[in-house]
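A look at the structure
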Protein chains: 2
Amino acid sequence: MESSELRKAGLKVTLPRVKILDILEQSSNRHHSAEDVYKALLETGEEIGLATVYRVLTQFEAAGLVKRHHFEGGHSVFELNQGTHHDHILCVKCGRVDEFVDETIEARQQDIAAELGYEMTDHCLYMYGICADCKGK
Amino acid sequence: MESSELRKAGLKVTLPRVKILDILEQSSNRHHSAEDVYKALLETGEEIGLATVYRVLTQFEAAGLVKRHHFEGGHSVFELNQGTHHDHILCVKCGRVDEFVDETIEARQQDIAAELGYEMTDHCLYMYGICADCKGK
DNA sequence: TCTGCGGATGAAAAAGCTTCTCATTATTAT
DNA sequence: ATAATAATGAGAAGCTTTTTCATCCGCAGA
Ligand SMILES: [Mn+2]
Ligand SMILES: [Mn+2]
Ligand SMILES: [Zn+2]
Ligand SMILES: [Zn+2]
């Protein structure tokens, strides 16, 4: 139930927040731009402004409910935060996104940061390529 | 000499192109936003429009003279392409940027892409943290 | 050195994404 | 139910980047 998640995050239970969380949880795609969410709301008949979508997604990010990514192309994409870190590989032809975690890479990153004198707070690895489906054509 | 590099890249030798390449080669910073380059041009007394800066940097990228990166914060940064791939670690406090290459990570990336059925075309790893200097305060 | 063509430039407008403003409305604690 | 407070919608504005278009320049050929 979305309302308890919102309350737990210290957010008032409002219609826009419930509907947006609903879309993030129900949609078959895990990665959404603000525009994607806005259009999905329109399709369900909700008249929620784009500014509100941006505000709510930013609040969800601050509350730890979603993660924001900067895929190439300028705009942000959001996905439900399910607690575990992962990285992304994107098809440059069709836009498909796959997720992965690799402990070898994660460990090396920690070492490199330490070697360079950094205390690492975050990291993201984006790989771009042509997916199996798109290779055939 | 900049003009021969431009000719080699198939670009006409124009004042904006020479000056911009000059800034990229002479500056102590390796990573520049378009705005950075524009301001540096103004400081040397050159009246070159921002649109031209964007155009030239995009052409340099297409010609393989520079690499474009998308650090967090929305805008692109450019650096001279010295042929060898490297990744980046950025200080979230002071903006410092360090570069590194790690063969273990590079190799794992190839494996992961292959496992997921992708033919990898590009990749970028951004690490964020607090640098040695900024940790002290 | 002169000429002419195609490409390059500058200035301003426009585009695309995101944030802000402010009047109105909804939520929550009492 | 009421009051205090926060959230919303619509539109304006902000920022980075691209496009438009009239003018200008580099450069190959004469
Ligand atoms: Mn993901
Ligand atoms: Mn670099
Ligand atoms: Zn594909
Ligand atoms: Zn620092």
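Throughout this document, residue positions are counted from 1 along each chain, in the order its sequence is written. Naming scheme: in the order in which they are written, chains are lettered from A and ligands are numbered from 1. With pLDDT at 70 or above as the cut-off, local features in this predicted model cover only qualifying residues; side-chain atom pairs require 80 or more to be listed or tallied, and sums for whole chains, interfaces and linings still use all residues. Computation of side-chain values: all heavy atoms of the structure, hydrogens and water removed.

1. Some remarks on the packing of helix 5 (residues 103-115) of chain A against helix 5 (residues 103-115) of chain B
Short version of the rule: For helices, the axis comes from a line fit to the C-alpha atoms of the stretch in contact; other axes are also lines fit to C-alpha atoms, and the angle between any two N-to-C directions lies between 0 and 180 degrees. Counting from the N terminus, the helices are the DSSP runs of H or I reaching at least four residues and the strands are the DSSP runs of E reaching at least two. Angle categories are assigned with fixed cut-offs, so that under 35 degrees is roughly parallel, over 145 is roughly antiparallel, 65 to 115 is roughly perpendicular, and the rest are oblique. Here a crossing is taken to be left-handed if its near helix is turned anticlockwise relative to the far helix by less than a right angle, and right-handed if that turn runs clockwise. Residues count as neighbours in contact if any of their non-hydrogen atoms are within 4.5 Å of one another. Classes in brief: Ala, Val, Leu, Ile, Met, Phe, Trp, Tyr, Cys and Pro nonpolar; Asp, Glu, Lys and Arg charged; the others, Gly included, polar.
Helix 5 of chain B packs onto helix 5 of chain A with a crossing angle of 160 degrees between their chain directions and a minimal axis gap of 10 Å. The orientation of helix 5 of chain A with respect to helix 5 of chain B, classified from their angle, is roughly antiparallel. The way helix 5 of chain A lies across helix 5 of chain B gives a crossing that is left-handed. Counted together, A:T104, A:I105, A:R108, A:Q109 and A:I112 of helix 5 of chain A and B:T104, B:I105, B:R108, B:Q109 and B:I112 of helix 5 of chain B form the full contact between these two elements. Taken together, the residues of the contact of helix 5 of chain A with helix 5 of chain B break down into four nonpolar, four polar and two charged.

2. Some points on the interface of chain A and chain B
The cut-off we apply is this: Accessible area, probed at 1.4 Å, shrinks when two parts are joined; the buried area is that loss added up over both. When a carboxyl oxygen of Asp or Glu is within 4 Å of a side-chain nitrogen of Lys or Arg, the pair counts as a salt bridge. Two N or O atoms count as a polar contact when they lie within 3.5 Å, although within protein this holds only if one can serve as hydrogen donor and the other as acceptor, and sequence-adjacent residues are included solely when both atoms are side-chain atoms. Only strands joined by at least two bridges in the DSSP assignment are considered to pair.
Opposite the 35 residues of chain A that make contact, chain B presents 35 residues. For the chain A face of the interface with chain B, the top three residues by lost area are A:Y118, A:M127 and A:Y128, together amounting to 20%. For A:D102, the salt bridge identified is with B:R108, shortest N-O distance 2.4 Å. Our enumeration of links across chain A and chain B arrives at 16 residue pairs in polar contact (both at pLDDT 80 or more). Of all the elements in the fold, those that place two or more residues in the side of chain A that touches chain B are strand 4 (87-91), strand 5 (97-100), helix 5, strand 6 (119-130) and helix 6 (132-135) of chain A. The greatest single-element share of the side of chain A that touches chain B, amounting to twelve residues, is contributed by strand 6 of chain A. For the side of chain A that touches chain B, a count of residues per class yields 20 nonpolar, seven polar and eight charged. One ladder, built from eleven bridges, connects strand 6 of chain A with strand 6 (residues 119-130) of chain B; its direction is antiparallel. Bridge pairing in strand 6 of chain B links A:Y128 to B:D122.

3. Here we look at the protein's contact with DNA strand C
Put simply, the test is: Note on terminology: near, applied to a residue and a molecule or strand, indicates that one of the residue's heavy atoms is within 4 Å of it.
Neighbouring DNA strand C are 21 residues, the closest being A:Y54, A:S76, B:T14, B:T52 and B:R55. Here the atoms of DNA strand C within 4 Å of the protein split so that 70% fall in sugar or phosphate, with bases taking the remainder. A distance of 3.5 Å separates a base oxygen of DNA strand C from a polar atom in the side chain of A:K12. Contributing elements (two or more residues each) for the surface near DNA strand C: helix 4 (50-62) of chain A together with helix 2 (15-26) and helix 4 (50-62) of chain B.

4. Notes on the coordination of the manganese ion (ligand 1)
Residues and elements named next belong to chain A. Put simply, the rule reads: Note that water is not among the atoms considered, so a metal site may appear incomplete; the donors listed are N, O and S atoms within 2.8 Å of the metal, with 3.2 Å applied to Na, K and Ca. Angle rules define the geometry names used: all angles between 85 and 135 degrees makes four donors tetrahedral, while opposite donors over 155 degrees apart and all other angles between 65 and 115 make four donors square planar and six octahedral, leaving every other case irregular.
Coordination of the manganese ion (ligand 1) by the protein comes from H31 (NE2), E79 (OE), E79 (OE), H86 (NE2), H88 (NE2) and E99 (OE), over a distance range of 2.1 to 2.4 Å. Note that the manganese ion (ligand 1) binds six donor atoms; their angles at the metal cover 55 to 169 degrees, and the shape is irregular. Counting gaps between the donor residues of the manganese ion (ligand 1) yields the pattern H-x47-E-x6-H-x1-H-x10-E. Here E99 lies in strand 5 and E79 lies in strand 3 (residues 77-80), a separation of 20 residues in the sequence.

5. Observations regarding the protein's contact with DNA strand D
Not every one of the 20 residues close to DNA strand D is listed here, only the nearest: A:T14, A:T52, A:R55, B:Y54 and B:S76. Contacts to DNA strand D include A:E47, whose backbone N or O atom sits 3.3 Å from a phosphate oxygen. The contact in question runs from a phosphate oxygen of DNA strand D to an N or O atom on the backbone of B:S76, over 2.6 Å. Listing elements by their share of the surface near DNA strand D, those giving two or more residues are helix 2 (15-26) and helix 4 of chain A together with helix 4 of chain B. Of the residues assigned to the surface near DNA strand D, the class counts are eight nonpolar, five polar and seven charged.

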